[in-house]
Amino acid sequence: MQFGIFTVGDLTPDPVSGKTPTEHERIAATVRIAEKCDEVGLDVFATGEHHNPPFVPSSPTTLLGFIAARTKNLLLSTSTTLITTNDPVKIAEDFSVLQHLCEGRVDIMLGRGNTGPVYPWFGKDIRAAVQLTVENYELLRALWDEEVVDWQGKYRTPLQGFTLAPAPMDGVPPYVWHASIRTPEIAELAAYYGDGFFANHIFWPSEHTERMVGLYRKRFAHYGHGTPEQAIVGIGGQVFIRPNSQDAIKEFRPYFDNAPVYGHGPSLEEFMAQTPLTVGSPQEVIDRTLGFRGYVGNYQRQLFLVDHAGLPVETVLEQIELLGTEVVPVLRKEFAIGRPADVPDAPTHKSLVAKKEMVDAEFAAAAAEGAEGDA
């Protein structure tokens, strides 16, 4: 399994200190967070994409390219690239360049986003969100898979004789995850292409995530990509950790109570009971996270949200230290127990290249056999 951090890059006032970081400070803090992930041995750092205040990550590939130069092992991803409003040609180009820069340490998570006004900002109609997702991904797939692309759709001007430059590294594009909070059509899209499916798994009860992942697994098998258990699944989660749960709850409560995304609603205790949010000791986070397998099955990627709601960067770095030293090592060991041999590992560039080489060798052998038969 892969374990890591995902950020939405919010710029939120600290309710304890009263300080709001500048945009410059928030971007610099994000880089420090990614470097800390690499330092403590986490596998993945993923950034969101937003084009409006109070968020800062409007150019994920720029940010990830800078982080790539400052890390050694970290796999870099997005915690949503907007497939609806970004041009597929630009997505293909940006991520091909990024892939070459970081020697394959990159994949991509595609989604529709959660900010309605972004559609007209980029000349799109939100009423066509699902159709844009399907059509744009069809084109993106063609750009990565075909040397010369002739394409025509409804929402974009046609392409004639277009060749992507640079081509994906080693002929293998970044692995694609399709992310959704509540849209079954996205689970269907991921299943159709045999790509990964990432369930946000933050604001909704476990039953909802179970249904979404279950649908994806069923349809993955329907399209002939393998058994339901072999589908590639990632999920999110929210944690706040201190050595004992009382201190964790006391420290996190003002951030929860004032957070724009869920403040002034259910109490912290109610939200913890109704969603996967875990505020407590390392052992409590371990126990809660291990429980996710009970309703999503064996899965490949677990990302945690730890840097939102105005938390100071020093506190966030402490959270990552606890994850890297006390939580994730135990999760790695425990998740491996009883994991069936036919459940795939999380995809990496190395594994995808090996798979391509095997398929190419099988195709060449079949072609040679056919030629001998013709002779």
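Our structure is the block above this text.
In this report, the structure presented in the accompanying data block is examined. These figures come from a predicted structure and were not determined experimentally.

### Concerning the pairing of strand β8 (residues 175–180)
Looking along a regular strand, one sees the side chains alternate between the two faces of the sheet. Within β8, six of the six residues are buried, which leaves it mostly tucked inside the rest of the structure. Of the two faces of β8, the one lined by Y175, W177 and A179 and the one lined by V176, H178 and S180 are each fully buried. Across four bridges, strand β5 (residues 107–111) lies against β8 in parallel orientation. Bridge pairing links M109 to W177 in β8.

### Examining the nonpolar core
Counting 97 residues, the largest nonpolar core has I5, F45, Y216, F252, I320 and L323 as the members making the most contacts within it. The element contributing the most residues to this core is helix α12 (residues 313–336), with 10 residues. Excluding its chain neighbours within four sequence positions, the residues that come into contact with F45 are I5, T7, T30, I33, A34, C37, L64, I67, L74, L75, L76 and S77.

### Description of the packing of aromatic side chains
Applying the stated criterion across every chain yields a total of 12 aromatic pairs. Ring geometry for Y175 versus W177: centroids 5.6 Å apart, planes at 80°, classification edge-to-face. In this structure Y175 comes out as buried when scored by relative accessible area, which is 11%. Looking at W177, the relative accessible area reads 0%, which means it is buried.

### Some thoughts on the pattern of salt bridges
What the rule picks out here adds up to 18 salt bridges. Residue D43 is joined to R332 by a salt bridge in which the shortest nitrogen-to-oxygen separation is 3.0 Å. With D43 in the loop between α1 (23–40) and β2 (44–47) and R332 in helix α12, the pair connects residues that are 289 residues apart, well separated along the chain. D43 sits in the partly exposed class, given a relative accessible area of 21%. On the basis of relative accessible area, R332 is assigned to the partly exposed category, the value being 32%. With its nearest N and O atoms 3.9 Å apart, the salt bridge here joins D195 to R141. With D195 in the loop between α6 (184–193) and β9 (196–199) and R141 in helix α5 (residues 129–145), this pair connects stretches of sequence that are 54 residues apart. You can call R141 buried: its relative accessible area is 14%.

### Brief notes about unusual backbone geometry
Across the junction of P53 and P54, the peptide omega takes the value 5°, indicating a cis bond. Within the fold, P54 resides in the loop between β2 and α2 (60–70). With an omega dihedral of 0°, the bond running from A165 to P166 counts as a cis peptide bond. Positive phi values are uncommon outside glycine, yet A309 reaches one of about 65°. Examined against the element boundaries, A309 turns out to sit in the loop between β13 (301–304) and α12. For A309, a relative accessible area of 3% puts it in the buried group.

### A short note on the pairing of strand β1 (residues 2–7)
Counted residue by residue, β1 has six buried out of six residues, so it is predominantly covered. Neither face of β1 is open: one carries Q2, G4 and F6, the other F3, I5 and T7, and all of them are buried. For β1 and β13, the ladder comprises four bridges, and the chain directions are parallel. Paired with G4 across the two strands is L303, which belongs to β13. Pairing between β1 and β2: four bridges, direction parallel. Opposite G4, over in β2, you have V44 as the bridge partner.

### Observations concerning the sheet that holds strand β10 (residues 233–235)
An order of β3-β2-β1-β13-β10-β9-β8-β5-β4 is seen for the nine strands of this open sheet, with the pairing classed as parallel. What marks the edges here is a single partner per strand, and that holds for β3 (75–78) and β4 (81–82).

### Looking at the environment of K90
Its place among the elements puts K90 in helix α3 (residues 88–101). Along the primary structure K90 and L140 are separated by 50 residues, whereas in three dimensions their C-alpha atoms are 9.3 Å apart.

### Overview of the packing of α1 against α12
Two elements in contact, α1 and α12, have axes whose closest approach is 9 Å; the angle formed by their N-to-C orientations is 20°. With respect to their mutual orientation, α1 and α12 come out roughly parallel. The element α1 and its partner α12 pack so that their crossing is right-handed. Contact residues: α1 offers A29, R32, I33, K36, C37, E39 and V40, while α12 offers V313, E314, V316, L317, I320, E321 and G324.

What counts as what
- Residues numbered from 1 in each chain as written.
- Predicted model: local features only at pLDDT ≥ 70, side-chain atom pairs only at ≥ 80, totals over all residues.
- Heavy atoms only, no water.
- Buried < 20%, exposed > 50% of the residue type's maximum accessible area, 1.4 Å probe, protein only.
- Helix = DSSP H or I, 4+ residues; strand = E, 2+ residues; numbered from the N terminus.
- Pairing = 2+ DSSP bridges.
- Core = buried A, V, L, I, M, F, W, Y, C linked by side-chain atoms within 4.5 Å.
- Contact = heavy atoms within 4.5 Å.
- Phe/Tyr/Trp six-rings, centres within 6.5 Å; stacked < 30°, edge-to-face > 60°.
- Salt bridge = Lys/Arg side-chain N within 4 Å of Asp/Glu carboxyl O.
- Axes fitted to C-alpha atoms, helices over the stretch in contact; angles between N-to-C directions.
- Parallel < 35°, antiparallel > 145°, perpendicular 65-115°, else oblique.
- Left-handed = near helix turned anticlockwise from the far one by under 90°.

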